[in-house]
Structures are given as structure tokens and as C-alpha cells.
Amino acid sequence: MPQKSQSLLDYLVENEPSFRKARLPALYSSFAAQRTLNPDGYAANISAWRRALAKVAKSGLAPPPTSSSKPSLLVLNTDERLVSAFETKQYGRPLSLGLVIKEAVENKELVPLRQFLEQKESIYSRSWSVWGLAGWVLKTAGVTDFLRGSGDKVPAGQFVVVENVEGAGKAFGEGIKETEGRFERTFTRAHFAKVFNDQLVEGGKELSETDMDVLLVFLARDKQMIEYDGKTVKIKDGEGEAEGLTEEDASIAQLKELLVSLTHQTVILSKRVEELGTQAKEAVTKQNRVAALAALKSKKLAEQTLEKRYATVDQLEQVQTQLEQASDNVQIVKVMESSSDALKSLTAKAGGVERVEEVVDRLREQMADADEVGKILAEASGTAVLDEAEIDDELAEMEKQEKEKERKKEEEKEKKAAEEREKEEQKEAEEMRKRLEAAGQVPGSVPVKDKETDEAEAMMGRLTLG
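Residues numbered from 1 in each chain as written. Predicted model: local features only at pLDDT ≥ 70, side-chain atom pairs only at ≥ 80, totals over all residues. Heavy atoms only, no water.

J.: Explain the confidence of the model for the protein residue by residue, including any values.
T.: Across the protein, pLDDT averages 84, with 86% of residues at or above 70. The element-level mean pLDDT for the protein is lowest in helix H8 (residues 135-141), coming to 45, with helix H12 (residues 209-222) highest at 95. Below pLDDT 50 for its whole length, residues 133-138 participates in 13 contacts with residues either more than four positions away or in separate chains. Long-range and interchain partners of residues 442-446, a stretch whose pLDDT sits below 50, account for zero contacts in this model, where long-range means more than four residues apart. (pLDDT = per-residue confidence, 0-100. Helix = DSSP H or I, 4+ residues; strand = E, 2+ residues; numbered from the N terminus. Contact = heavy atoms within 4.5 Å.)

What follows is the structure, given as C-alpha cells:
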């Protein structure tokens, strides 16, 4: 993020590749003659300066308008202060900056602010022109004289940087993808600015009031992403919603803004109540009865105000819920109405109930005739007519035989598993007997029976009985 103390040129050297130090002498020189002598060099210099002006405006380093101390990120203010901001001891003043601005205006990369805001036609329209319907605006601003001139003088004016506005519009589109419901999509102009002010430019930079005006016009007129009448903003849902804003939209926007404001007040009042309670306790600890009483009185008043705010918020939330339900009901009725019309149209195309019944009856008759013809042809050709009952019996017998095979396989499997277990037990018993013979018989002494011996003999007994 650029620092306020950083000069425009230092910022561009660090952030704009075309402003390499080796190119700075050429960029700061008067290169108007290169238009015919070296067209490629001329185009490269113009392109580098266009990108530089857009980046400088977006950084917030460009001089702000004289009427405000807050820099504009989407609007470039061109006057002597801009030229001075680019001036350095080593390279002097940019001698072709006026020419760059003139080229950018002619190519609609910079648009005079007043024209941008008042023009009804989209800037993307083929018929749109800087010399078009708003020519009188340009003449008033002195821009037409500037464009017709051939000098490098920088005009005093304000120009919308189209590249920066498009970037903010794209960020806005990405941020509203999950926005649903009429209540969530509707704002007052002030509430919209508060919500989106620091979300549309890199680094969380805040838009100025002029920037917000430009962005709202761009989103409504050129991108058709919102409805906007100067007071109310509604994000379009993209599902065939009726064009324009209604009194209901204005009411929803005002209710939403009020609800947000009151909710914020409850947070502040809650903290105030806690702080006053702490002050009262500290005063009691210090045996300052007067201070404690004052803190408690203030706390009581704050609690009463907080209670009223909560009650109002609760009422407004109920109204919000009812408005949302009413809006949903309207949409449901519209869908049902359109569905009813569609069903009516389809039924009419089908010919009505009587025609459908007639068609079905004729189809049944034709199917019966086809079956009869098939039987007659089968008898004539000597082909035997299949007995469905006989086929069903044969299938049942095959299924029975298959189940019997499965049962025998299962019995054989269980029998084999039992034999395996028996062999395993005999093997274990034999191994146990051998270990007892080897360890239990001592020469010249009576064999000693222990628990392991008893278990082995018991196992041998079971195997013998088995």
C-alpha cells in the first residue's frame, strides 16, 4: 500500500513495469512529434502513461479535488497540481501529460465526470461519443476546446477512470453472488455506501462520495446489475424481476437502514451500561458515595434506553419478517399464475379432455385390432400361440431348482468348515499330548498332574467320545 509521503514517480517506478528508470527520460519528454516519426514509440509512451494515471488514481496518491481532502480512487483530478505531483528535480515536468489525457479521453478510457453522470446512454454503446448529446457539458467544462487543441497543456477538470470503475464493478459482482431475497438486496444510498465502501478496491481503500456516485451510475446504466434512483438501491436478482423501483423497495430500504442503526445503538448502550456499573463499584470501593450514586443513575437511564431500543428492534424485526413473507407470497402467486396459464395453454393444445378421451379410445381399438390380426396370422402360418401360464410354471420350476442348488452348496460349505475345525482340534490335542510326554514324565518319580495336564486329558477324552 502506498505511503502518503511517497512521490508519484517513486510509486510508479516500484509498481508500474513500463516506468523503468531507463525509460523515464523518454516518458517525461515531449513526444508529440513521434506520432509520425516513430508511431510504435509514441504508442508505447501513451500506453505507459494511461496505465500510470489509472494506477496513481487507484492508489489514492493523486491530488484530491479542491472541494474535498479525501482522494478519489475512480476519478482523476487533472490540473496544475497533478503536473506538479509528477515533477522531479532529475526529470522535470512530464511535458506530454496533456497529450496523454487527450488521447485517453478520445478513446473513452477517461470520461469527463459530469458527462459520465448525466449521460443516459451506456458508455459501451457504439453510438456513445465524447462529442455526443452531452457536448454542451463538455463545452461548459472547457473540454471541447482542449480536445480540439494540439498542445500539451493539461486541462483543469475531473475524469472518470473507466479501468478503475470496471475493476470496482467486477469486485461488486463477485461480492453479491450469495445475496438472495428482496430484503437483502435493497438498500438506501447511504446504507449501500456504508456496506460496500471499503470492499471494492484492493487494500480496503475507501471510496469517496464522488466515487460512489460514479459506481452506482455505472452499475445501473452500464452493467444493469442494480436499480438506482438516487435514493434507493436494489440489486437485481437476474430472474426476470420487474424493472424499476417501487414504494415498497423504498420502505424496505429505510426499514433496513433503521434496523441496522438501532442494532448498533444497542451494542453501544450495552457497553455503556457495563462501564457505568464498573464505575459505580469502583466509587463504592473508594467510599465515594456521590460518584457511586451518579454512576448508578446514569446506568439506570442507559438501561431504560437500552430496553426501549431492544423493544423497537424487536418490532422492526417482526415487520421485516412480515415484509419478507409478503414478498415471497407475491412471487409464489406470480409463479402459480404463470404455471396455471402454461397448463391452460398445454391443455388447449392437447384439445381438451373430450379430445384426449377420444384419442385414447381410438388407440385402444387399434391395439385390440393389432392383437387380433397377430393371432390370425399366427394361426394361418402354423405358428403355435404361446401359453403364458406354462411359461410361468417353467420359470417357477427353474427358480426352485436354483434355490435347491444354493441350499446344497451352503450345506456342503458348513460341513467342510466343521471338518476343518475338527482337524484343527485334533492337531492341537496331539501337540499338547507330545508336550506333556516330554515335560511331565521325570525318571524315578511319580508324574505330577497340573492344570495343563488336566486340560489336555479332558480334550483327549472329548476327542475319544467324539
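J.: Give me the lowdown on the packing of helix H4 (residues 39-59) against helix H6 (residues 97-106), citing residues and values where you can.
T.: Interhelical geometry of H4 versus H6 gives an angle of 85° and a closest axis separation of 10 Å. Comparing the axis directions of H4 and H6 gives the class roughly perpendicular. Taken together, the residues of H6 that come into contact with H4 (itself represented by Tyr42, Ile46, Trp49, Arg50 and Leu53) are Leu97, Leu99, Val100, Ile101, Glu103 and Ala104. (Axes fitted to C-alpha atoms, helices over the stretch in contact; angles between N-to-C directions. Parallel < 35°, antiparallel > 145°, perpendicular 65-115°, else oblique.)

J.: Give a description of the pairing of strand E6 (residues 232-235) that names residues and reports values.
T.: In the case of a regular strand, side chains alternate between the two sheet surfaces. Covered by surrounding structure in E6 are Thr232 and Lys234 together with Val233 and Ile235, the residues of both alternating faces. Pairing of strand E5 (residues 226-228) with E6 involves three bridges; the strand directions are antiparallel. By the bridge assignment, Tyr228 is partnered in E6 with Val233. In this structure, the hairpin formed by E5 and E6 is closed by a connection of three residues, where Gly230 is found at a positive phi of approximately 100°. (Buried < 20%, exposed > 50% of the residue type's maximum accessible area, 1.4 Å probe, protein only. Pairing = 2+ DSSP bridges.)

J.: Help me get a handle on the sheet that holds strand E4 (residues 186-188), residues and values and all.
T.: Strand order in the open sheet formed by three strands is E4-E6-E5, with antiparallel pairing between adjacent strands. What marks the edges here is a single partner per strand, and that holds for E4 and E5. Strand-to-strand twist of the sheet, defined as the mean angle between neighbouring strand axes without regard to direction, takes the value 15°. Inspection of the sheet shows E4 paired to E6 by three bridges, in the antiparallel sense. Opposite Phe187, over in E6, you have Val233 as the bridge partner.

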